[in-house]
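Descriptive analysis of the structure
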Amino acid sequence: GSMFLPLYAAVAYYFANRMVRLIIFLGPIAACLVGVCIGYVIEDSIAIATEMTLEEKDATADEDADAKPALTPSKSKKDRKKAPVKPTKSLKEMIKGGAHNWWNRSSTKTARLICSALFLTRTAYSVSTFISYSHQMAQGMSQPSIMFKGQLQTGETVIVRDYVDAYEWLRDNTAEDARVMAWWDYGYQITGIANRTSIADGNTWNHEHIANLARMLTTDETKAHKVIRHLADYVLVWAGGGGDDMAKSPHLFRIGASIGSGRATAVDMDKITSTFGVDRSGRPTPKMAASLLFKLVSPQGSVDASRFQEVYSSKYRKVRIYKVVNVDEESKAWVANPANRMCDHEDGSGFCPGAYPPALKKYPSIIKTAYAVPQWIKDKRATEQRATEVKDEL
């Protein structure tokens, strides 16, 4: 039982470092540890105050006793000779005893009591500030961030609703079965507001799939189009500065390079930025300049209209949407076919993730295995393969 809180703290700290959103796991254990700390301080303060009170009473009693004469029998020579010899203490015992004596000295107790009083007073004054700050953070996080106030160069205050407008444009101007490729941050917004299928969303349990998406965006335009035409009908990017896709580009490259890819082994952000980034003068590195992401987002880049056609740009150019040219309809039909879903069980029950169309096997440098194939599908494919071989022999 005594190890529960330390173990919980270690596990929560580890996962919070792995993914920022998991910092919420630190909330309960932080509250518990702070509570234990404050409880210890209060308990120690009460114990010191009680001991000091008892010592004062004992001192008063001793003074009263000293005022009265007392006859004490003198010890005989025989008794004095029998006095016990104190055993020699080890170094460990001496250190422990010295620390114990110092900790329980009257001056140390007084200092502990003063520090405890100052700590508890400071904590009490901070409680209202902490509660107010927590409520402000809760309100800020609970309200939608896809609309916000902005100020133009003229000083005019406006409501920037570029993101909402873009999602509504998708809803009103694309087919119901349209598939939208975007970085996973915006997946739920595309699904919830635009009511369109998103290639990835905030359910990032499948890191390999997210890495495939990152590689598609950070590779050069020609290679990216060859892959994207099998998966999506539109590509949506956040532009306009701030937290746009260009600002996230080093992280995209890191994810694509570190998961399932032999393209790069280093995940150091400084090294990645020098390879895939933009310098202080705004000049992109060669790999960045050739990437699809740079050409879709940056004003310095432009895509080939024979591959991607820009069909929408929001009012303040916060969002840009491109139509994928020459979408592979065969792959689209294959993905939409329920028979190609890799359900856990042959009867269609269990978890049923999607699957990449067979045509993407030609691009192993970008698309890595992201979904585990259930055993019943492996058996089915083996049976079909044997049947084909027998047919060929006949």
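Residues numbered from 1 in each chain as written. Predicted model: local features only at pLDDT ≥ 70, side-chain atom pairs only at ≥ 80, totals over all residues. Heavy atoms only, no water.

Quick notes on the pattern of salt bridges
Taken as a whole, this structure holds 15 salt bridges when the rule is applied. Here Glu 51 ties to Lys 109 by a salt bridge, and the two come within 2.5 Å at their closest N and O atoms. With Glu 51 in helix H2 (residues 26–67) and Lys 109 in helix H5 (residues 106–142), the pair connects residues that are 58 residues apart, well separated along the chain. Looking at Glu 51, the relative accessible area reads 33%, which means it is partly exposed. When its relative accessible area of 7% is taken as the criterion, Lys 109 is described as buried. Asp 177 is the salt-bridge partner of Lys 332, the closest N and O atoms lying 3.8 Å from each other. In this pair, Lys 332 is assigned in helix H14 (residues 329–336) and Asp 177 in the loop between helix H6 (162–173) and strand S3 (179–181), connecting sequence segments 155 residues apart. Judged by relative accessible area, Asp 177 falls into the partly exposed class, the value being 49%. Each member of the salt-bridge network shares a partner with another, and the members are Asp 177, Arg 179, Asp 233 and Lys 332. (Salt bridge = Lys/Arg side-chain N within 4 Å of Asp/Glu carboxyl O. Helix = DSSP H or I, 4+ residues; strand = E, 2+ residues; numbered from the N terminus. Buried < 20%, exposed > 50% of the residue type's maximum accessible area, 1.4 Å probe, protein only.)

Some thoughts on unusual backbone geometry
Phi is positive for Asn 195, close to 60 degrees, though the residue is something other than glycine. With respect to the element layout, Asn 195 can be found in the loop between helix H7 (187–194) and strand S4 (197–198). Assessed through its relative accessible area of 55%, Asn 195 is described here as exposed. For Asn 326, which is not glycine, the phi dihedral falls at a positive 60 degrees. Among the secondary structure elements, Asn 326 is positioned in the loop between strand S7 (319–324) and H14.

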